[in-house]
Amino acid sequence: RQFLLLPAAKPRLDEGNCPQQQNWTEGQEGTLRCQAGGNPKPRVECAKDKDGQLFPPGIPSPVTRDHSGTYRCRATNPLGTDERSVTVWVHCECGG
């Protein structure tokens with residue numbers, strides 16, 4: 001039996017896994033897309049800049065206009081921390 005050992009690496013948030021601009025539609029489900037690279041696997045937490053309210057990345061939730069704004073996402077493992085700002089734009093699905 002063989003195991004691939006990955007070298008230890010501090011957390012890394014980048015555009016591919018944690019886009020700085022995300023668009024959601026009001027009334028639908030939105031998911032804050034933010035995953036981190038690193039080994040051991042980092043824990044990622046995001047909070048809204050305005051009020052500090054935690055918003056878990058990767059978990060869908062019903063979108064309201066209140067979700068619009070900037071979130072500070074932080075990835076942490078024993079080797080360090082990386083942070084990234086993510087702006088969520090909420091678009092109205094209004095009938096004409």
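As shown above, the structure is provided for reference.
In this text the structure is predicted, and so the values were computed from the model without any measurement.

**Some words on the overall build of the protein**
Looking only at helices and strands, the protein has zero helices and eight strands in total. Starting at the N terminus and ending at the C terminus, the protein contains elements arranged as β-β-β-β-β-β-β-β. The C-alpha radius of gyration computed for the protein amounts to 16 Å, which surpasses the reference 12 Å derived for 96 residues by more than 25%, pointing to a less compact arrangement than a globule. In terms of principal-axis extent, the alpha carbons of the protein reach across some 60 × 30 × 20 Å. Partitioning the contacts of the protein with sequence separation of at least 6, the portion at a separation of at least 24 is 61%. If you sum the accessible surface of the protein, you get close to 6600 Å²; carbon and sulfur atoms cover 50% of it. Of the charged side chains in the protein, 12 are positive and 11 negative; the average position of the first set lies 7 Å away from that of the second.

**Considering the side chain of Q22**
Among the structural elements, Q22 can be located in strand β2 (residues 21–25). In this structure, Q22 is in contact with T31, L32, R33, V86, T87, V88 and W89, ignoring residues within four places of it in sequence.

Procedures and definitions
The numbering scheme is per chain: residues are counted from 1 as the chain's sequence reads. Reporting of local features is limited, given that this is a predicted model, to residues whose pLDDT is at least 70; pairs of side-chain atoms are given and counted only at 80 or more, and all residues count toward the totals for whole chains, interfaces and linings. Calculation of side-chain values draws on the structure's entire complement of heavy atoms; hydrogens and water are dropped beforehand. Only DSSP runs of H or I with at least four residues qualify as helices, and only runs of E with at least two residues qualify as strands; both kinds are numbered from the N terminus onward. In this setup the radius of gyration rests on C-alpha atoms only. A globule is expected at 2.2 Å times the number of residues raised to 0.38. Contacts are assigned to residue pairs that have any heavy atoms within 4.5 Å of one another. Each accessible area value is a Shrake-Rupley result obtained with a 1.4 Å probe; residue values ignore everything except the protein chains displayed when judging cover. Two residue types count as positive, namely Lys and Arg, and two as negative, namely Asp and Glu; His and chain ends fall outside the count. By convention, the charge on Lys lies at NZ, on Arg at CZ, on Asp at CG and on Glu at CD.

By themselves, these are just geometric observations and shouldn't be taken as functional.
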